[in-house]
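Structure at a glance
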Amino acid sequence: MISCSSQESNNPTDSNPPDNANNIDFYYGADLSYVNEMIDCGAIYKDFDSSIKDPYKIFADAGTNLVRIRLWHNPTWTNYSNYKDVKKSIQRAKAEGMQVLLDFHYSDTWTDPSKQEIPAAWLSEIDNTEALGDLLYNYTYNTLNDLFASNLLPDIVQVGNEINQMILQEGESISPINWERNASLINKGIKAVRDIASEKNKEIGVMLHIAQPENGLWWFEQATSAGITDYDWIGLSYYPLWSDYTLSNVANPLKTLISTYKKRLMIVETAYPFTLDNADSANNILDSNALISGYPATQQGQLDYLNALKAKILEAGGEGLIYWEPAWVSTNCSTLWGQGSHWDNATLFDHNNQANLGMKFYNASKN
């Protein structure tokens, strides 16, 4: 969403912390895809004591144990979320001892339930499923192979982002989904992850990500019928504002998905406003309509929402919660739609860029 040009921050010292996957009972995650850009845009981040620190360290010290990072294929409109930027982000996360979830969008820009735009470089093969599958496989395989060479393999890989619609389309989404094509392509991405894991003798979880639990119910049913079965994780976006399920009954579809498909489950995107005030001229996406009764737009309300959602995930048998873009603070840089941040009232930092009460959600991982 944001595009700004300034010098890149220095890479941290490379590190190889021990694999602690088996020690994690619940993933307390943060999507930090915007952090490198925010720093280049002049953002500073403060911990609970108002000390300026590397944001990756702030999250690690708070208790975050998983960092989610998005990857675009060739985003010519921005210098971020490309492979070079993602490699830096993974390095920073691993240097602080956190695991990594790598989110392949398979696009040059944002993908979501309404848009799955094929990378420009692959457009000529859009109607050739076999050739397109090979492109997807080779891209996924080569990306992970290169990360392995740098000791930066992710712990979990998302094969697509919010893939409610058929992946690798041009323009408006085609409906209904052509499942023969869709399954062939998704299974190619899964196979690339499996092949790297096998060749390198590494454990890499495979995740399929759908926006909103109600869509997961029909999507995974159709995907299973189409032959998509070799994955480990069901990943869901859950924003109450856009879901049929309230916080009080969201455990129901999560339980159904876990029991039906015998997969692990994680909410990989959620957020909640700590204020309705806007720090800049960019409109805030989560406004008063996003509020839930009993959870005011306060720092305590934000923390209470996260703890309540975690309890519902645990009740259902799920194993993780990732906060989407908790560090997308306001800067002078511009998004595609305005100057500043469209999320500044829903970050885990206040408008002075100090860690707020919501950040204490991660503290539970230390218990």
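Below is a summary of the structure that appears in this document.

The rules we used
- Residue indices begin from 1 for each chain and proceed along its sequence in written order.
- Totals for whole chains, interfaces and linings use all residues, but because this is a predicted model, local features are given only for residues with pLDDT of at least 70 and pairs of side-chain atoms are given and counted only at 80 or more.
- Excluding hydrogens and water, the side-chain figures rest on all heavy atoms present in the structure.
- Any two cysteine sulfur atoms lying within 2.5 Å of each other are counted as a disulfide.
- Strands are runs of DSSP state E lasting at least two residues, helices are runs of H or I lasting at least four, and both sets are numbered from the N terminus onward.
- Here a polar contact is recorded for every N or O atom pair within 3.5 Å, except that within protein the pair must consist of a potential hydrogen donor and a potential acceptor, and residues adjacent in sequence are included only if both atoms are side-chain atoms.
- Contacts were defined at the residue level, with two residues in contact if any of their heavy atoms lie within 4.5 Å.
- Simply put, an axis is a line fit to the C-alpha atoms, just over the touching stretch for a helix, and the angle between two N-to-C directions goes from 0 to 180 degrees.
- Roughly parallel refers to an angle under 35 degrees, roughly antiparallel to one over 145, roughly perpendicular to one between 65 and 115, and oblique to any angle outside these ranges.
- Charged residues are taken to be Asp, Glu, Lys and Arg, nonpolar residues to be Ala, Val, Leu, Ile, Met, Phe, Trp, Tyr, Cys and Pro, and polar residues to be all remaining types, Gly included.
- Every helix has an expected span of 1.5 Å times one less than the residues it contains.
- Three exposure classes are used, based on accessible area relative to the maximum for each residue type with a 1.4 Å probe and protein chains only: buried under 20%, partly exposed in between, and exposed over 50%.
- We treat two strands as partners when DSSP finds at least two bridges between them.
- By convention a crossover is right-handed if, when the strands point away from the viewer, the path from the first strand over the helix to the second runs clockwise.
- As used here, the term nonpolar core means buried Ala, Val, Leu, Ile, Met, Phe, Trp, Tyr and Cys residues forming a set that is joined through side-chain atoms within 4.5 Å.
- Paired rings are identified among Phe, Tyr and Trp, the last through its six-membered ring, by centres lying within 6.5 Å, and are further divided according to the angle between planes into stacked (under 30 degrees), edge-to-face (over 60) and tilted (the rest).
- Salt bridge, as used here, is a side-chain nitrogen of Lys or Arg placed within 4 Å of a carboxyl oxygen of Asp or Glu.

One pass over the structure, following the stated rule, counts one disulfide. Disulfide partner of C41: C333, at an S-S distance of 2.1 Å. In this structure the cystine formed by C41 and C333 twists about its S-S bond by roughly -110°; its chirality is therefore left-handed. Taken as a pair, C41 in the loop between α1 (35–40) and α2 (55–62) and C333 in the loop between β9 (320–323) and β10 (334–335) lie far apart in primary sequence, 292 residues in all.

Let us now look at the side chain of S237. Positionally, S237 belongs in strand β7 (residues 233–237). One polar contact links S237 to E162, side chain to side chain, over a distance of 2.7 Å. Residue contacts for S237: discarding those within four places in its chain leaves E162, H209, I210, A211, Q212, P213 and E269.

Two elements in contact, helix α5 (residues 179–200) and helix α6 (residues 213–225), have axes separated by 10 Å at closest approach and are oriented at 85°. Taken together, α5 and α6 sit at an angle that is classed as roughly perpendicular. When α5 is examined against α6, the residues W179, N182 and I186 are found in contact with a partner set consisting of W219, Q222 and A223. Tallied by class, the residues present in the contact of α5 with α6 amount to four nonpolar, two polar and no charged.

Before going further, it helps to spend a moment on the environment of D40. Structurally, the position occupied by D40 is in helix α1. For the pair D40 and C333, spaced 293 residues apart in sequence, the C-alpha to C-alpha distance is 9.4 Å. At a separation of 2.6 Å, a polar atom in the side chain of D40 contacts the side chain of Y80.

Here we take up α5. Its 22 residues place the ends of α5 31 Å apart at the C-alpha level, agreeing with the 32 Å of an ideal helix rising 1.5 Å per residue. Downstream of α5 by a residue or two, N201 has a phi angle that is positive, lying close to 55°.

Moving on, we get to the pairing of strand β8 (residues 264–269). β8 sits mainly inside the fold: five of its six residues count as buried. Note: β7 against β8, five bridges, orientation parallel. Looking at the pairing, L236 lines up with I267 of β8. Following the chain from β7 across helix α7 (residues 251–261) to the adjacent parallel β8, one finds a crossover that is right-handed.

Ranked by size, the top nonpolar core spans 103 residues in total, and within it W219 and Y362 carry the most contacts. It is α5 that contributes the most residues to this core, nine residues altogether. In this view, W219 contacts I163, N164, I177, W179, N182, I186, L208 and I210; residues no more than four positions away in its chain are not counted. Within the second largest apolar cluster, ten residues are counted, among which are Y27, M207, W233 and I322.

Turning to the packing of aromatic side chains, a few remarks are in order. Per the counting criterion, the structure on display carries 27 aromatic pairs. Judged by centre distance (5.6 Å) and plane angle (40°), the ring pair of F220 and Y231 falls under tilted. Pair noted here: F220 is in helix α6 and Y231 is in the loop between α6 and β7, with a separation of eleven residues, a long-range link. Residues W324 and W328 carry aromatic rings whose centres are separated by 6.0 Å and whose planes lie at 85° to one another, so their mutual orientation is edge-to-face. Take W324: its relative accessible area is 8%, and that puts it in the buried class. Clustering of aromatic rings is evident, with ring pairs tying together Y34, W72, W77, W110, Y239, W242, W324, W328 and W343.

Going through the model one piece at a time under the given rule, you end up with 16 salt bridges. With a closest N to O distance of 2.9 Å, R194 and D232 form a salt bridge. One end of the pair, R194, is in helix α5; the other, D232, is in the loop between α6 and β7, and 38 residues separate them in sequence. Of the charged contacts, one joins E315 and K312 as a salt bridge, the two residues approaching to 3.7 Å between their closest N and O atoms. Residue E315 and its partner K312 are both found in helix α8 (residues 299–316); the two are separated by three residues, about one turn of the helix. Under the relative-accessibility criterion, E315 is labelled partly exposed at 44%.

Across residues other than glycine, the phi torsion is negative in most instances, and most of the peptide bonds are trans. Backbone torsion omega between S175 and P176 reads 0°, so that peptide bond is classified as cis. Within the element layout of this structure, P176 appears in the loop between β5 (156–159) and α5. Its identity is not glycine, yet N201 carries a phi of approximately 55°, on the positive side. Examined against the element boundaries, N201 turns out to sit in the loop between α5 and β6 (205–211).

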